[in-house]
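Given next are the chains, with one letter for each unit.
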Amino acid sequence: MFRLLMCAAPVFVCFFWFLYYVSDYKNYSKSRKYLAIFFFTLFVLFVCQFIFFGKYYLIYQYVDCAYMLCSLMAYPLYYLYILSATGSAKSPKLLYFLIPIILFPVSAAVLYHFMTPEEDLTYIKYFLYEEPYPEELLKLSAVGRWQVIQSEIYSIYFCLQLVVILILVSRALTRYNKQMADYYSNLDNKVLYTPKYLLWIILLISLSSILLSLIGKESFVKASYQLFPSSIYALLLFCVGFISSKFNHDVQLAEDNLTELSKEQEETSDVESNPQKMTVLQEQIVNVIRDDELFKNADLKISDIASMLGTNRTYISRAINQTMNMPFSDLVNKYRIEYALSLMKNREFSQMTLSEIALKSGFSNESTFYRVFKHAMGVSPRQYTHNT
């Protein structure tokens, strides 16, 4: 009984997170919708895998097609979730995934249809499960042999798809985080640190899937081995659902922000790059941020600077990146750290706590102050005060 429950653990985990993400339908964002579909797809996938481990030969020809469909859908759905969560436009690259998602299950279903019941059983028992009489596969007809070839091609494509999806997800997160760093001084709830952890977990799941695909599910059919992939998948999938539930970024705000950004980029695309003008603009930016102490505003945005200087934020961002080789957030945090250091060295402020120094320097909270300070100085604020 315990072994049966452990083998079904990924099924329960995926169904739980599917119900969780569809429960709050009133706040049903597009990214949440993709995540719900992602977990429902995984739920069906692991039901199919559970049936496979149960050796239900007579129905597995139907289950095999559903397994192919869901396994090829799952990771593109996660990519859609990332695109939606970052406010990115729909990628035409997804069209390349759509054809194989349809082609492999349909071709498998057609081949199963033209195979005799005896061939179905032979293919399932001696190819999918690799039971002791592989010479039985030689008795397959041309249709049966095509089914074997099609299954091998599917395994190869599945591995390639995972690699491509991981690269696309990583690029989408990097691109979005860079845009946020260029336009906000406070990156709390804006830069997507959480999906980076998700990416590592998805990588582990992907490697497990590739390993399972290369070794073959049949290698884990024995009762003593079934618990290994099931427990690994259950743990990793629970982490994916849990971390995603903590991802509280305002997706609609991100979409609006990036839409406005794209419009501004169009407006400034015809502006001729003039090094002298850029230098003048850079001096103006430094004056308002450092000399006017705007860095003390924890919610300072590049649009605030643009309004004060009578230009748009894309032009400001270009000036900062081209003349100072850093994003807007790093520039503002540089002056915040400089101010914090001056407070920490001044005896008049020796009684101030690090939390008070952080807030007074423009940081939204102490944890952000610790992270930025350690990145800039190489030591934590507490270590720095102890050493000085």
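In the block above lies the structure referred to throughout.
Definitions and cut-offs
- Residues numbered from 1 in each chain as written.
- Predicted model: local features only at pLDDT ≥ 70, side-chain atom pairs only at ≥ 80, totals over all residues.
- Heavy atoms only, no water.
- Axes fitted to C-alpha atoms, helices over the stretch in contact; angles between N-to-C directions.
- Helix = DSSP H or I, 4+ residues; strand = E, 2+ residues; numbered from the N terminus.
- Parallel < 35°, antiparallel > 145°, perpendicular 65-115°, else oblique.
- Contact = heavy atoms within 4.5 Å.
- Nonpolar A, V, L, I, M, F, W, Y, C, P; charged D, E, K, R; others polar.
- Phe/Tyr/Trp six-rings, centres within 6.5 Å; stacked < 30°, edge-to-face > 60°.
- Buried < 20%, exposed > 50% of the residue type's maximum accessible area, 1.4 Å probe, protein only.
- Lys NZ or Arg CZ within 6 Å of the ring centre and 35° of its normal.
- Core = buried A, V, L, I, M, F, W, Y, C linked by side-chain atoms within 4.5 Å.
- Expected span 1.5 Å × (residues − 1).
- Bend = angle between axes of the 7 residues up to and from the residue.
- Salt bridge = Lys/Arg side-chain N within 4 Å of Asp/Glu carboxyl O.

(A) Spatial organisation of the packing of helix H7 (residues 142-183) against helix H13 (residues 313-324). Viewed as axis vectors pointing N to C, H7 and H13 meet at an angle of 95°, and their least axial separation amounts to 9 Å. Judged by the angle between their axes, H7 and H13 are roughly perpendicular. Together, Lys-178, Asp-182 and Tyr-183 of H7 and Arg-313, Thr-314, Ser-317 and Asn-321 of H13 make up the contact between the two elements. Broken down by class, the residue content of the contact of H7 with H13 amounts to one nonpolar, three polar and three charged.

(B) Just the packing of helix H4 (residues 60-85) against H7, in detail. Contact geometry of H4 with H7 gives a least axis separation of 9 Å together with a crossing angle of 10°. Relative to H7, the element H4 lies roughly parallel. Residues Tyr-67, Met-68, Ser-71, Leu-72, Tyr-75, Pro-76, Tyr-78, Tyr-79, Ile-82 and Leu-83 of H4 lie in contact with H7, whose contacting residues are Gln-150, Ser-151, Tyr-154, Tyr-157, Phe-158, Gln-161, Leu-162, Ile-165, Leu-168, Val-169, Ala-172 and Leu-173. Within the contact of H4 with H7, the residues separate by chemical class into 18 nonpolar, four polar and no charged.

(C) Molecular detail of the packing of aromatic side chains. Counting across every chain of the model gives 24 aromatic pairs. On the basis of an interplanar angle of 85° and a centroid distance of 5.3 Å, the ring pair of Trp-17 and Tyr-20 is categorised as edge-to-face. Of this pair, Trp-17 and Tyr-20 both sit in helix H2 (residues 9-23), three residues apart, which is roughly one turn of that helix. Trp-17 sits in the buried class, given a relative accessible area of 4%. Using a relative accessible area of 34% as the deciding quantity, one classes Tyr-20 as partly exposed. An aromatic cluster of three or more residues is present, and its members are Phe-16, Trp-17, Tyr-20, Tyr-21, Phe-38, Phe-39, Tyr-78, Tyr-81, Phe-238 and Phe-242. The ring of Tyr-34 has Lys-33 sitting right over it, with the charged end atom 5.3 Å from the ring centre.

(D) The nonpolar core, seen in detail. One finds Phe-38, Phe-39, Leu-42, Leu-128 and Ile-205 to be the most contacted residues of the largest nonpolar core, which totals 69 residues. Counting only elements with at least two residues in this core, the list comes to H2, helix H3 (30-53), H4, helix H5 (94-114), helix H6 (117-128), H7, helix H8 (193-215) and helix H9 (223-245). If one sorts the elements of this core by residue count, H4 sits on top with 17 residues. Setting aside anything within four residues of it in sequence, one finds Leu-42 in contact with Cys-14, Ala-74 and Leu-237.

(E) Spatial organisation of H4. With 26 residues, H4 should cover 38 Å at 1.5 Å per step; its first-to-last C-alpha distance of 36 Å lies within 8% of that length. Remark: the principal bend of H4, roughly 30°, maps to Ala-74, with a proline, Pro-76, within the next four residues. Among the 26 residues in H4, 22 count as buried, and that is most of the element.

(F) Representation of H13 within the structure. With 12 residues, H13 should reach 16 Å at 1.5 Å per residue; the first-to-last C-alpha distance of 16 Å fits that figure. Every buried residue of H13 is listed here: Arg-313, Thr-314, Tyr-315, Ile-316, Ser-317, Ala-319, Ile-320 and Met-324. Where H13 terminates, the next one or two residues include Asn-325, which has phi positive at roughly 55°.

(G) Representation of the pattern of salt bridges. Summed over all chains, the structure comprises two salt bridges. Here Lys-296 and Glu-293 are joined by a salt bridge, their closest N and O atoms 2.9 Å apart. Relative accessible area serves as the criterion here: at 30%, Lys-296 is assigned to the partly exposed category.

(H) Here's a closer look at unusual backbone geometry. Positive phi, close to 55°, is recorded for Glu-293, a residue that is not glycine. Of note, Glu-293 is situated in the loop between helix H11 (275-291) and helix H12 (302-309). Within the chain, Asn-325 stands out as a residue other than glycine whose phi angle is a positive 55°. Positionally, Asn-325 belongs in the loop between H13 and helix H14 (328-345).

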